[in-house]
Amino acid sequence: MTAQNPDPDPRNTPGLEPGGGVSPGDTPPDSGQTSGLSHREPRPSRKMSVAWLVTIIVVVALIAGFFLTYLIVYLTGD
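Residues numbered from 1 in each chain as written. Predicted model: local features only at pLDDT ≥ 70, side-chain atom pairs only at ≥ 80, totals over all residues. Heavy atoms only, no water.

### Description of the overall build of the protein chain
A tally of helices and strands in the protein chain yields 1 helix and 0 strands. In the protein chain, buried positions account for 1% of the 78 residues. Accessible area for the protein chain stands at about 7800 Å²; split by element, carbon and sulfur atoms hold 63% of it. (Helix = DSSP H or I, 4+ residues; strand = E, 2+ residues; numbered from the N terminus. Buried < 20%, exposed > 50% of the residue type's maximum accessible area, 1.4 Å probe, protein only. Areas by Shrake-Rupley, 256 points an atom, 1.4 Å probe, with all protein chains shown as cover.)

See below:
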């Protein structure tokens, strides 16, 4: 089974000059539309968003804890 070409046949299209060009000021023919959604897109999962948020919070807390520990050790002079 072969699909039909969405472009118009130049031999049957009015307004085309020899070679496929159009006259100055003329609008070239439009292609048929072959795209479009046939069904609704699924919604993204919120579980992944929550997991990323928790991961970012944990990483920020670890980094802040590291610098806080470093600051305490530096200020106590040990």
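### As for the packing of aromatic side chains
This model, assessed by the stated rule, comprises 1 aromatic pair. Here the aromatic rings of Phe 66 and Phe 67 are separated by 5.3 Å at their centres, their planes lie at 70°, and the arrangement is edge-to-face. Side by side, Phe 66 and Phe 67 carry an identical accessibility label, which is exposed. (Phe/Tyr/Trp six-rings, centres within 6.5 Å; stacked < 30°, edge-to-face > 60°.)

### Some points on the UniProt feature "transmembrane region" (unreviewed entry) in the protein chain
Here the UniProt feature "transmembrane region" (unreviewed entry) sits at residues 50-75. Along residues 50-75 the backbone is 100% helical and 0% strand, and the end-to-end C-alpha distance reaches 37 Å. (UniProt positions renumbered as here; feature names shortened; annotations may be inferred.)

### Notes on helix 1 (residues 46-76)
With 31 residues, helix 1 ought to run about 45 Å at 1.5 Å a step, and its terminal C-alpha atoms sit 45 Å apart, in line with that. Two residues or fewer past helix 1, Gly 77 is found with a positive phi of approximately 80°. (Expected span 1.5 Å × (residues − 1).)

### Focus: a nonpolar patch on the surface
Side chains of Leu 68, Tyr 70, Leu 71, Ile 72, Tyr 74 and Leu 75 sit close together on the surface and give an oily, nonpolar patch of about 710 Å² of accessible area. Structurally, Tyr 74 can be placed in helix 1. You can call Tyr 74 exposed: its relative accessible area is 61%. (Patch = residues over 30% accessible without salt bridge, like charges linked within 9 Å, V, L, I, M, F, W, Y side chains within 5 Å. Salt bridge = Lys/Arg side-chain N within 4 Å of Asp/Glu carboxyl O.)

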